[in-house]
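The residues making up each chain are set out below.
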Amino acid sequence: RKEVEQDPGPFNVPEGATVAFNCTYSNSASQSFFWYRQDCRKEPKLLMSVYSSGNEDGRFTAQLNRASQYISLLIRDSKLSDSATYLCVVRGDSWGKLQFGAGTQVVVTP
Amino acid sequence: GAGVSQSPSNKVTEKGKDVELRCDPISGHTALYWYRQRLGQGLEFLIYFQGNSAPDKSGLPSDRFSAERTGESVSTLTIQRTQQEDSAVYLCASSFATGGGFFGQGTRLTVV
């Protein structure tokens, strides 16, 4: 079983709509959680950290559910520029390495 | 510079040659990672350095791959006797011990 699992998509989203997707992780002792985005042929970029109480950054909302061991990302009012692959990242313990999911592709259409 | 710097940005090499890829992490970042990404694929973990601890080499695909890091600074990834399947983008990231990582722009390696 992979340590971090994501639905690969693609999620096809009309411009202006809301899209949400999850990521599950296997290590219940995981300490830190992040969402990255990766554009085609570019390096991944840190989108946001995910905090226990959930957090927002503009149109993006991240949630953590420790009991069910998943994190989620919701994008409101989708823009064409939101089209990308979103990578779920989990740090296993305080000094452990970052574990990357394979990514969820989001395609925002006009 | 302020970000993670990788060199070269592109490398074309003949099958069987050795290559060395370099990563300059963000100053003060104790953790450094190497990943490989083949075209259309996800990130493949290669190796992880954390401070002075022994590196986690569990992702290195064969003994042709090795990496070194000098203290908490520069790292080099060496691939010996390159094969065509080594063609990929090699990405380096650095972070503080407990934060998210920041990536360099990668080295695109093509083995011909």
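The structure we're discussing is the one just above.
Residues numbered from 1 in each chain as written. Chains lettered and ligands numbered in written order. Predicted model: local features only at pLDDT ≥ 70, side-chain atom pairs only at ≥ 80, totals over all residues. Heavy atoms only, no water.

A.B. asks: Quick question: what am I supposed to make of the overall build of chain B here?
C.D. replies: Scanning chain B from terminus to terminus reveals 0 helices and 10 strands. The linear arrangement of helices and strands in chain B, starting from the amino end, is β-β-β-β-β-β-β-β-β-β. Since a compact globule built from 112 residues should have a radius of gyration of about 13 Å, the 13 Å found for chain B is in line with a globular shape. A total of 112 residues make up chain B; the buried ones form 49% of that total. As displayed, chain B has an accessible area near 5,300 Å², and 46% of this comes from carbon and sulfur atoms. Averaging the coordinates of the 11 positive side-chain charges in chain B and doing the same for the 11 negative ones gives two points 4 Å apart. (Helix = DSSP H or I, 4+ residues; strand = E, 2+ residues; numbered from the N terminus. Rg over C-alpha atoms; globule rule 2.2 N^0.38 Å. Buried < 20%, exposed > 50% of the residue type's maximum accessible area, 1.4 Å probe, protein only. Areas by Shrake-Rupley, 256 points an atom, 1.4 Å probe, with all protein chains shown as cover. Lys, Arg positive; Asp, Glu negative; His and termini not counted. Charge placed at Lys NZ, Arg CZ, Asp CG, Glu CD.)

A.B. asks: It is not clear to me how the side chain of A:Ser30 should be interpreted in this structure. Could you clarify?
C.D. replies: Relative to the helices and strands, A:Ser30 is located in the loop between strand 3 (19-25) and strand 4 (32-38). If we skip the residues at most four places from it in the chain, A:Ser30 touches A:Tyr25, A:Arg66, A:Val90, A:Arg91 and A:Gly92. (Contact = heavy atoms within 4.5 Å.)

A.B. asks: What is the right way to look at the state of the cysteines in this model?
C.D. replies: A covalent bond between the sulfur atoms of two cysteines is what we call a disulfide. Residues and elements named next belong to chain B. Under the counting rule described, the total for this entry stands at 2 disulfides over all chains. Linked covalently through their sulfurs, cysteine 23 and cysteine 92 form a disulfide whose S-S length is 1.9 Å. On the sign convention where negative means left-handed, the S-S torsion of about -65° between cysteine 23 and cysteine 92 marks this disulfide as left-handed. Separated by 69 residues along the polypeptide, cysteine 23 in strand 3 (residues 19-24) and cysteine 92 in strand 8 (residues 88-95) bring together distant segments of the chain. Comparing cysteine 23 with cysteine 92 shows no difference in burial state: the two are buried. (Disulfide = S-S within 2.5 Å.)

A.B. asks: Looking at this model, I keep getting lost on the sheet that holds strand 8 (residues 70-75) of chain A. Mind explaining?
C.D. replies: Strand pairing in a sheet relies on backbone hydrogen bonds, with the paired strands running either antiparallel or parallel. Residue and element names in this part refer to chain A. Spatial ordering of the open sheet is given by 1-3-8-7-6, a layout of 5 strands whose pairing is antiparallel. The open sheet has two edge strands with one neighbour each: strand 1 (4-6) and strand 6 (55-57). With strand direction ignored, the average angle separating the axes of adjacent strands in the sheet is 20°. Across 6 bridges, the pairing between strand 3 and strand 8 is antiparallel. Its bridge partner lying in strand 8, cysteine 23 is registered against isoleucine 71. (Pairing = 2+ DSSP bridges. Axes fitted to C-alpha atoms, helices over the stretch in contact; angles between N-to-C directions.)

A.B. asks: I would appreciate a short explanation of the nonpolar core in the present structure.
C.D. replies: A general tendency of soluble globular proteins is for nonpolar side chains to be buried together. Residue and element names in this part refer to chain A. The biggest cluster of nonpolar side chains holds 22 residues, and the ones touching the most others in it are Phe21, Trp35, Ile71 and Tyr86. Counting residues per element, the ones that place at least two in this core are strand 3, strand 4, strand 5 (45-50), strand 7 (60-65), strand 8, strand 9 (84-91) and strand 11 (104-109). In this structure tyrosine 86 touches Gln6, Phe21, Trp35, Tyr36, Arg37, Leu47, Phe60, Leu73, Ile75, Gly103, Thr104 and Val106, once residues within four positions along its chain are discounted. (Core = buried A, V, L, I, M, F, W, Y, C linked by side-chain atoms within 4.5 Å.)

A.B. asks: Is there a simple way to think about the interface of chain A and chain B in this case?
C.D. replies: Note: interface size is frequently given as the accessible area lost on complex formation between the parts. Contacts between the two partners involve 17 residues from chain A and, on the opposite side, 24 residues from chain B. Where chain A packs against chain B, one counts 1 salt bridge. Across the chain A-chain B interface, the total number found is 8 residue pairs in polar contact (both at pLDDT 80 or more). Elements with a minimum of two residues in the side of chain A that touches chain B: strand 4, strand 9 and strand 10 (98-100) of chain A. The element contributing the most residues to the side of chain A that touches chain B is strand 4 of chain A, with 4 residues. Looking at the side of chain A that touches chain B residue by residue, the class counts come to 9 nonpolar, 4 polar and 4 charged. (Salt bridge = Lys/Arg side-chain N within 4 Å of Asp/Glu carboxyl O. Polar contact = N/O pair within 3.5 Å; in protein donor to acceptor, adjacent residues only side chain to side chain. Nonpolar A, V, L, I, M, F, W, Y, C, P; charged D, E, K, R; others polar.)

A.B. asks: Explanation requested: the environment of A:Val50 in the structure shown.
C.D. replies: Tracing the backbone shows A:Val50 in strand 5. Every residue in contact with A:Val50, bar those within four places of it in the chain, is listed here: A:Phe33, A:Phe34, A:Trp35, A:Asn55, A:Ala62, A:Gln63, A:Leu64 and A:Ile71.

A.B. asks: Just to check I follow, could you spell out the environment of A:Glu5 for this structure?
C.D. replies: All names here are of chain A. Its place among the elements puts glutamate 5 in strand 1. Between the alpha carbons of glutamate 5 and valine 108 there is a distance of 22 Å; along the sequence they are 103 residues apart. In this structure, glutamate 5 is in contact with Cys23 and Thr24, ignoring residues within four places of it in sequence.

Don't take any of this as a statement about function, it's just geometry.
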